[in-house]
Amino acid sequence: MFRSLWNEPRPPDPPPRVWRDWALVGVLVPLAALEGVVRPDLPWRAVSVTVTVGLVFTLLWRRTRPLLMLAIPFVTTMLAPLVTGGHRAETYTMAFLLIIVYALYRWGSGREIVLGFAIMLLSVGVSASFYDLAPADAVGAFAVIFSAVALGTAFRYRARARMRELDQVKLLEREQLARDLHDIVAHHVSAMAIRAQAGLATAPSKPEAAIDALRVIEAEASRTLAEMRAMVRVLRRNEPAELAPGRRITDLEELAGRVRLGPSVEVEMLGDLDDLPPAVDAAIYRIAQESVTNARRHARHATRIQIRVAADDTSVRLRVSDDGETSTADPMPGYGLIGMIERAGLLGGTCEAGPDPGRDRGWTVTAVLPRTGAAT
């Protein structure tokens, strides 16, 4: 267990430094100065305030260098009594150290967590043994520190569980695409077999028919090989590829025809939609289908769902919107949306969803796919 903790890597993609970090520093610095002015029982006032203000800036690097940013304040507060004659240079403002403890357990590697825990243990132990930290205060300090540790650990493993679930959704989406591609490849192989049989049957009497059959077989074989190579790229190298499934944009009319209860579905299709690659054709259908399903499930008091597909020479654009009520909160994206984004990304396109910016009501899903599918 200890070895697995020691070898655990850092969580991926820690958030960058944002304006909230600077705002936190901007609040804590004057707060520490104010405490130095109004607090009458603060020993070594100038030293305590200076140390506190200096340590506040460790908050700016707490996610990218969590162990170093934890070691600096804990070692500093441990050694400060050597300058102040045994008095701990601590202020109430130093409660911000709990944020750094949280950041270590949320964003640090297993090795950094173990070393950071040893530093905290040493700091509290030295203060209890050599300075004026009473045993009861030491117990309280450990209790507060462990609260921050527990919170950071909980959020760390919650994020990890969420990531595993998202990876599973992406894997299922790839499996579905692979199954769709298998169906198309099987169709091509069947067509080649039928053409070959026809060519063999007519070759004695009509040699030109056999030649035509060979041309068709050649075209089908080339298309099948291209699709198989695309599937291998997706499954092995995780690259976008042209994945060919079974549904088509023309099947969107079925979504409007299925309505019995709930909001009506209106479908509008513009531009040349006849010569799209099968992958793009079916991706547009499936993204629209998932969007309509989500609208019927989540859009409160919706009366109408609009599906608009427009194609030009380079891309195909899908827009699905409803007129239902949406929450003002920013919820975590659902797995259906994750699947739509993954499918569009595999084909070199984009998919976005959110409240309609032009209206007080409604939710809109927008997808843009290249007309020729992903580049090879």
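Residue positions are given per chain, counted from 1 along the sequence in the order it is written. Per-residue local features of the predicted model are confined to residues with pLDDT of at least 70, and side-chain atom pairs are confined, for both listing and counting, to 80 or more; whole-chain, interface and lining totals are unaffected and use all residues. Where side-chain values are given, they derive from all heavy atoms of the structure, hydrogens and water being excluded.

1. Description of the packing of helix H2 (residues 19-38) against helix H3 (residues 45-56)
Reasoning step 1: Running from amino to carboxyl end, H2 crosses H3 at an angle of 175 degrees, the nearest separation of the two axes being 9 Å. Relative to H3, H2 is oriented roughly antiparallel. Across the interface between the two elements, Val25, Leu28, Val29, Ala32, Ala33, Gly36 and Val37 from H2 touch Arg45, Val49, Thr52, Val53 and Val56 from H3.
Reasoning step 2: Each residue is assigned to one class: nonpolar for Ala, Val, Leu, Ile, Met, Phe, Trp, Tyr, Cys and Pro, charged for Asp, Glu, Lys and Arg, and polar for all the others, Gly among them. Residues that form the contact of H2 with H3 fall into these classes: nine nonpolar, two polar and one charged. Axis definition: a line fitted to C-alpha atoms, limited for helices to the stretch in contact. Angles are taken between N-to-C directions and run from 0 to 180 degrees. Helix and strand assignments follow DSSP, with helices taken as H or I runs no shorter than four residues and strands as E runs no shorter than two, numbered in order from the N terminus. Should an angle lie under 35 degrees it is considered roughly parallel, over 145 roughly antiparallel, and from 65 to 115 roughly perpendicular; all remaining angles are considered oblique. Here a residue-residue contact requires only that any non-hydrogen atoms of the pair lie within 4.5 Å.

2. So, the pairing of strand E1 (residues 264-270)
Reasoning step 1: Strand pairing follows a simple DSSP-based rule, namely that at least 2 bridges must link the two strands. Of the strand pairs in this sheet, E1 and strand E2 (residues 304-311) are connected by seven bridges, and their pairing is parallel. When the sheet's bridge partners are listed, Glu268 is paired in E2 with Arg308.
Reasoning step 2: Handedness of a crossover is defined as follows: with both strands directed away from the viewer, a clockwise route from the first strand across the helix to the second makes it right-handed. Following the chain from E1 across helix H10 (residues 278-298) to the adjacent parallel E2, one finds a crossover that is left-handed.

3. Let's talk about the nonpolar core
Reasoning step 1: The set of buried Ala, Val, Leu, Ile, Met, Phe, Trp, Tyr and Cys residues whose side-chain atoms join them within 4.5 Å is what this entry labels a nonpolar core. Each residue gets one of three labels from its accessible area relative to the maximum for its type: buried under 20%, exposed over 50%, partly exposed in between, using a 1.4 Å probe on protein chains only. Membership of the largest hydrophobic core comes to 29 residues, with the highest contact counts inside it found for Ile249, Ile284, Ile287, Ile307, Val309, Val316 and Leu318.
Reasoning step 2: Secondary structure elements with two or more residues in this core: H10, E2, strand E3 (315-322), helix H11 (335-346) and strand E5 (363-370).
Reasoning step 3: Among the elements that line this core, the one with the most residues is H10, at nine residues.
Reasoning step 4: The contacts of Leu318, once residues within four sequence positions are left out, are Ile284, Ile287, Ala288, Ile307, Arg308, Val309, Val365, Thr366 and Ala367.
Reasoning step 5: Formed by 25 residues, the second largest nonpolar core is a distinct cluster that contains Val56, Leu59, Phe74 and Met94.

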